[in-house]
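If you want the building blocks of each chain, they are given just below.
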Amino acid sequence: MLYKSKLKGSFGRIYPISMVVIYILSMIEIYIRWNLNNSGYDLLLIPAVSMTIAGLFFVVMGFIQLFKYRLWVNVVLGLLFGIGCILAIFVFSYSFPFIKIIYIINALLIVLLIILTWPVFSGQERFEANARRLFKLASELITETSNGFTERPFSAGKIEVSKEDLEGFARFVNGKFISRSFNVESVIYLVFSMNRSVLTVNDPTEVSYISIDKEGNISVRISQQDYHQYKATFNFDQLCETMAAVFSRFLEYYKNGNENRIITELKTAR
């Protein structure tokens with residue numbers, strides 16, 4: 001029996017699905033053009049319509065990701081990939097040297113931009129993947145589907161932890177891309193999100209977070225966007241409570257020198 005995730009699919013899966021669809025459309029278009037040529041038409045065997053659709057797809061996705069993640073590099077790459085798809089139509093169908101030069105420059109710009117911004121891409125991907133794992137861990141034992149989303153932070157009790165251990169734990173989860181840490185007025189915020197890039201967050205209250213003050217009091221806030229990634233309307237207070245339990249457990253692992261257990265538990269989240 002296949003395991004069914006309680007979370008909706010990630011946004012990134014749109015790309016491979018769309019690429020397969022565009023590939024199929026390209027094959028169909030080439031086949032139609034080939035048959036028309038056999039019927040007396042003079043058409044180039046270039047899937048111009050499919051390539052145009054692919055270009056528009058990259059541009060639209062770039063803007064969608066800009067508004068979703070707030071990362072400017074997404075829209076720039078989307079535009080460059082879109083332009084590249086349109087230029088490819090002319091590069092492989094007409095002998096225009098300047099078009100080929102523009103195409104090569106465009107391709108080099110894409111490669112250069114990916115190389116220069118790879119730490120951002122890699123960091124965003126790892127933060128988002130781990131955020132999904134955190135939400136999966138938090139919902140493992142929840143079955144009650146009542147009392148939906150509420151905006152207020154949830155008070156999740158208290159934990160015994162020294163300032164040094166708390167700050168060390170914050171550095172650890174930040175360095176391992178589990179959550180990004182903020183220290184605001186002696187309160188440690190550990191932020192995470194499946195929707196917004198935490199790399200662009202300036203205020204921890206913009207996304208989901210766990211906060212721990214100097215007395216060890218724990219508060220949890222789960223953003224509306226993250227909560228709606230669940231397929232069911234799980235009991236919100238229970239979800240906040242279990243999320244706090246996940247971080248409290250991780251903190252205990254860290255205090256006891258078992259940091260590897262944190263990574264292992266995240267990797268096994270389904």
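Before reading further, recall that the structure is shown in the block above.
Residues numbered from 1 in each chain as written. Predicted model: local features only at pLDDT ≥ 70, side-chain atom pairs only at ≥ 80, totals over all residues. Heavy atoms only, no water.

Caption draft 1: Expanded view of the overall build of the chain. In terms of helices and strands, the chain carries nine helices and five strands. By its C-alpha atoms, the chain is 80 × 40 × 30 Å across when sized along the principal axes. In the chain, once contacts between residues fewer than 6 apart in sequence are set aside, the share between residues at least 24 apart is 65%. Accessible surface, the chain: about 15,000 Å² in total, of which carbon and sulfur atoms supply 62%. Placing the 27 positive and 22 negative side-chain charges of the chain at their respective mean positions leaves the two points 7 Å apart. (Helix = DSSP H or I, 4+ residues; strand = E, 2+ residues; numbered from the N terminus. Contact = heavy atoms within 4.5 Å. Areas by Shrake-Rupley, 256 points an atom, 1.4 Å probe, with all protein chains shown as cover. Lys, Arg positive; Asp, Glu negative; His and termini not counted. Charge placed at Lys NZ, Arg CZ, Asp CG, Glu CD.)

Caption draft 2: Molecular detail of the nonpolar core. One finds Leu134, Phe169, Met243, Phe250 and Ile262 to be the most contacted residues of the largest nonpolar core, which totals 42 residues. Considering every element that reaches this core, the biggest residue donor is helix H8 (residues 236-255), with 11 residues. Excluding anything up to four places from it in sequence, isoleucine 262 contacts Phe169, Phe172, Ile178, Phe250, Tyr253 and Tyr254. (Core = buried A, V, L, I, M, F, W, Y, C linked by side-chain atoms within 4.5 Å. Buried < 20%, exposed > 50% of the residue type's maximum accessible area, 1.4 Å probe, protein only.)

Caption draft 3: The pattern of salt bridges, seen in detail. Using the criterion set out here, one finds five salt bridges in the structure. Ionic pairing is found between glutamate 252 and lysine 255, a salt bridge with its closest N-O pair at 3.2 Å. Remark: lysine 255 and glutamate 252 occur in helix H8; sequence separation between them is three residues, near one turn of the helix. (Salt bridge = Lys/Arg side-chain N within 4 Å of Asp/Glu carboxyl O.)

Caption draft 4: Highlighting the pairing of strand E4 (residues 208-212). Across the five residues of E4, five count as buried, placing the element largely inside the fold. Note that strand E3 (residues 187-192) and E4 share five bridges and pair antiparallel. Within the sheet, the bridge partner assigned to phenylalanine 192 lies in E4 and is serine 208. Note: E4 against strand E5 (residues 217-221), four bridges, orientation antiparallel. Among the inter-strand pairings, serine 211 is bridged to a residue of E5, identified as serine 219. Between E4 and E5, which pair antiparallel one after the other, the connecting turn spans four residues, and glycine 216 there sits at a positive phi close to 90°. (Pairing = 2+ DSSP bridges.)

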